Every structure is written in structure tokens, then in C-alpha cells.
Amino acid sequence: MPKYDVFELFTYLRKCPDAYVQPSDFFMKEGLNSIALIYDTYRMVSNDFLKNEFDIPAGFNFKAIEDNHWRAIHISAWLLSHPDFINCPSIENKLYSFWFEELLHASEYVKYNEWISDDERAEEMVRLLLYCCEIIPDGETKDEAADKLSSLSSVDRHKVLKESYEAHERIMNIKREMAEKKAREAANTYGRE
């Protein structure tokens, strides 16, 4: 039975071969065939190598996916080749959400190479995959796993930074307005004398 040890998965992810980091064939003639990689990953996870139907909506536009997101998908396909995920059909229907919703949002803030080179981003990918697949990591409770993912989340971090910046801007605007009001009052007082 798979143990889903975060450190083991993290270490495995960090060993991602260069072949998985190649651009999609949508962007380069010599790129990686992303669609074949996705379908092969579905087959490997489900352990049904004759399967031809996958949890991808009809008419889904693969060409609309940007290169950075594709490369993140490629790297996650490497992660999904870990023995813990092979022959695990219970997660098959959760991969679409992971790849095309959660990883899409995270990829807006993370460059593809950081998923491998940066410890926090590598752990974030591992935890994001486990979260999307409704798997609780070995030795953790559901709440602990959620807290750890939240503390690593690039999307959450960006949201906090944005809110902090907006709060700072509001404070600066209030200070500016107060200074202008004080200057007007001083000018009015001077004009009356």
C-alpha cells in the first residue's frame, strides 16, 4: 500500500529528468508531446493501458495553455510516475482538476524550473497533488496537511502580498489626503489674516 511520504515524493520530484522540462510541442517542433504525456499518465495511474477515454472535457483547447503551465504539467507527470501513484485509479478523475485548475493558478506565480529547483515550490507541488487527489500524507492529519499546503501556496502568498500592497496604498492615500487637507486649512487661515 502506498505511504505518500511528502519527503520521499519531494526527493523524487527534485530528480525530474531534463526530458520532462522541455517545452510542449505546441511551442517547438522538437518539444515534448504534451498530450501523449497526459494520456500516458492517465493510463499509468489507472493501470488500463488500452483506455481511450479520459477526464478531459470535449473540445478542450490544449493550444490555449501557456508554455510555463505546460512545463509544470510535464514536471507533475514525472511526479505521478512515482510508484505510489501507479495503479491508483481512485485519483484518475482528480488529475484534470490538478492539472488544469489548481496547477494553472499556481503556475501564474511560479516559473516552471522553480518546481524542481526551489524546495518550497517542490513541496508545494507534492502537497497540491496530494490535496487534489484527496490523499492525506503519511504521518499527518487532514488539518495539518491543509495548513502546510496553505503556508506554501504561491496563490495564497500572492493574495496576501496583493492585499498588503493595497492596504499600504490606502494608508498612503489617507495620509496624502490628510496632508492636503491640512495644507488647505493652513492656506485658508493664512488668507484670512
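As a reminder, the structure under discussion sits directly above these lines.
In what follows, the accompanying structure is described.

About the cut-offs
- Residues numbered from 1 in each chain as written.
- Predicted model: local features only at pLDDT ≥ 70, side-chain atom pairs only at ≥ 80, totals over all residues.
- Heavy atoms only, no water.
- Helix = DSSP H or I, 4+ residues; strand = E, 2+ residues; numbered from the N terminus.
- Rg over C-alpha atoms; globule rule 2.2 N^0.38 Å.
- Buried < 20%, exposed > 50% of the residue type's maximum accessible area, 1.4 Å probe, protein only.
- Contact = heavy atoms within 4.5 Å.
- Lys, Arg positive; Asp, Glu negative; His and termini not counted.
- Charge placed at Lys NZ, Arg CZ, Asp CG, Glu CD.
- Phe/Tyr/Trp six-rings, centres within 6.5 Å; stacked < 30°, edge-to-face > 60°.
- Axes fitted to C-alpha atoms, helices over the stretch in contact; angles between N-to-C directions.
- Left-handed = near helix turned anticlockwise from the far one by under 90°.
- Nonpolar A, V, L, I, M, F, W, Y, C, P; charged D, E, K, R; others polar.
- Parallel < 35°, antiparallel > 145°, perpendicular 65-115°, else oblique.

Scanning the protein chain from N- to C-terminus turns up eight helices and zero strands. Tracing the protein chain from N to C terminus, the helices and strands come up as α-α-α-α-α-α-α-α. On C-alpha atoms alone, the protein chain measures out to a radius of gyration of 23 Å, which is more than a quarter above the 16 Å that the 2.2 N^0.38 rule sets for 193 residues. For the protein chain, the spread of C-alpha atoms along the three principal axes comes to 90 × 45 × 30 Å. Split into buried and exposed, the 193 residues of the protein chain put 38% on the buried side. By sequence separation, contacts in the protein chain at least 24 residues apart represent 75% of the contacts at least 6 residues apart. Averaging the coordinates of the 24 positive side-chain charges in the protein chain and doing the same for the 36 negative ones gives two points 7 Å apart.

All chains considered together, the criterion is met by nine aromatic pairs. Here Tyr4 and Phe85 contribute two aromatic rings whose centre-to-centre distance is 5.5 Å and whose plane-to-plane angle is 55°, an arrangement assigned as tilted. In this pair, Tyr4 is assigned in the segment before α1 (6-14) and Phe85 in the loop between α3 (67-79) and α4 (95-107), connecting sequence segments 81 residues apart. For the pair Tyr4 and Phe85, one class covers both residues: buried. Where Phe62 meets Phe100, the ring centres are 6.2 Å apart and the plane angle is 65°; that geometry is what we call edge-to-face.

Attention now moves to the packing of α1 against helix α6 (residues 119-132). Two elements in contact, α1 and α6, have axes separated by 9 Å at closest approach and are oriented at 120°. Along this stretch, α1 crosses α6, giving a crossing that reads as right-handed. In this structure, α1 uses Val6, Leu9, Phe10, Leu13 and Arg14 to contact α6, whose residues at the interface are Asp119, Ala122, Glu123, Met125, Val126, Arg127 and Leu130. Residues that form the contact of α1 with α6 fall into these classes: eight nonpolar, no polar and four charged.

Here we come to the packing of α3 against α4. Close contact between α3 and α4 brings their axes to 10 Å; oriented N to C, the two are set at 120°. The orientation of α3 relative to α4 falls into the category oblique. Where α3 crosses over α4, the handedness of that crossing is right-handed. In this structure, α3 uses Asn68, His69, Ala72, Ile73 and Ser76 to contact α4, whose residues at the interface are Phe98, Trp99, Phe100, Leu103, Leu104 and Ser107. When the residues that make up the contact of α3 with α4 are grouped by side-chain class, the tally is seven nonpolar, four polar and no charged.

Treat this as a map of the structure, not an account of what it does.
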